[in-house]
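# Reading the structure
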Amino acid sequence: HVSKPDKVAYDGELKITYRNLGAYEVKTPAGTFPGLIIRCDYVGKIGPAQLNDTDIRIYAPGVGLIALVVKDRFHAFLLLNKTIVDALILVEAPS
């Protein structure tokens, strides 16, 4: 709970694996960039929730994160079983 930061409501483990998938030229509405593609896999259990998530991040030198695709899969007992897929892309280059 945010209101009680000294009290642990749930604990658990989270393993994160990063993989470099290579460099590609990436076209976005903000322009074309040389992009480094990184895959992040998250596996863990925290309290009653289990998660198995993956995201793909594309970084451009001098710009930072230019694209992100996230797939979240998590469940807690029989109460919650959910998969969410979101995508974000750079629309305007930072100044």
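Heads up: these notes are all about the structure in this document. Keep in mind that this is a model prediction, so the values were computed, not measured.

## Side note on the environment of Pro 61
In this fold, Pro 61 is placed in the loop between strand E3 (49–60) and strand E4 (64–76). Spatially, the C-alpha atoms of Pro 61 and Phe 33 are 8.4 Å apart, while their sequence positions differ by 28 residues.

## Examining the nonpolar core
Grouped together as the largest cluster of nonpolar side chains are eight residues: Val 26, Phe 33, Ile 37, Ile 58, Ala 60, Ile 66, Ala 67 and Leu 90. Residue assignment for this core shows that the elements contributing at least two residues are strand E2 (31–46), E3 and E4. When near neighbours in sequence (up to four residues on either side) are disregarded, Ile 66 contacts Val 26, Thr 28, Phe 33, Ile 58, Ala 60, Leu 88, Ile 89 and Leu 90.

## Let's talk about the pattern of salt bridges
For the structure shown, the criterion picks out two salt bridges. Between Asp 41 and Arg 39 there is a salt bridge; the shortest N-O distance is 3.0 Å. Residue Asp 41 is classed as buried on the basis of its relative accessible area, which comes to 17%. Arg 39 gets classed as partly exposed once you look at its relative accessible area, which sits at 28%. Its salt-bridge partner being Arg 57, residue Asp 55 comes within 3.1 Å of it at the nearest N-O pair. Judged by its relative accessible area of 5%, Asp 55 is buried.

## Concerning a nonpolar patch on the surface
The grouping of Tyr 10, Leu 14, Ile 16, Tyr 18 and Ile 46 at the surface amounts to a nonpolar patch, some 520 Å² of accessible area in total. For the nonpolar patch, the element with the most residues is strand E1 (residues 12–28), which contributes three residues. The topology assignment puts Ile 46 in strand E2.

## Considering the pairing of E1
Here E1 runs beside E2; their pairing, made up of 16 bridges, is antiparallel. Considered in E2, the bridge of Val 26 is made with Phe 33. Where E1 folds back onto E2 in an antiparallel hairpin, the turn is made up of two residues.

## Thoughts on the environment of Asp 41
Positionally, Asp 41 belongs in strand E2. When the C-alpha positions of Asp 41 and Asn 52 are compared, they lie 7.5 Å apart, and in sequence the two are eleven residues distant. Looking at Asp 41, its side chain comes within polar contact range of the side chain of Arg 39, at 3.0 Å.

Rules and cut-offs
- Residues numbered from 1 in each chain as written.
- Predicted model: local features only at pLDDT ≥ 70, side-chain atom pairs only at ≥ 80, totals over all residues.
- Heavy atoms only, no water.
- Helix = DSSP H or I, 4+ residues; strand = E, 2+ residues; numbered from the N terminus.
- Core = buried A, V, L, I, M, F, W, Y, C linked by side-chain atoms within 4.5 Å.
- Buried < 20%, exposed > 50% of the residue type's maximum accessible area, 1.4 Å probe, protein only.
- Contact = heavy atoms within 4.5 Å.
- Salt bridge = Lys/Arg side-chain N within 4 Å of Asp/Glu carboxyl O.
- Patch = residues over 30% accessible without salt bridge, like charges linked within 9 Å, V, L, I, M, F, W, Y side chains within 5 Å.
- Areas by Shrake-Rupley, 256 points an atom, 1.4 Å probe, with all protein chains shown as cover.
- Pairing = 2+ DSSP bridges.
- Polar contact = N/O pair within 3.5 Å; in protein donor to acceptor, adjacent residues only side chain to side chain.

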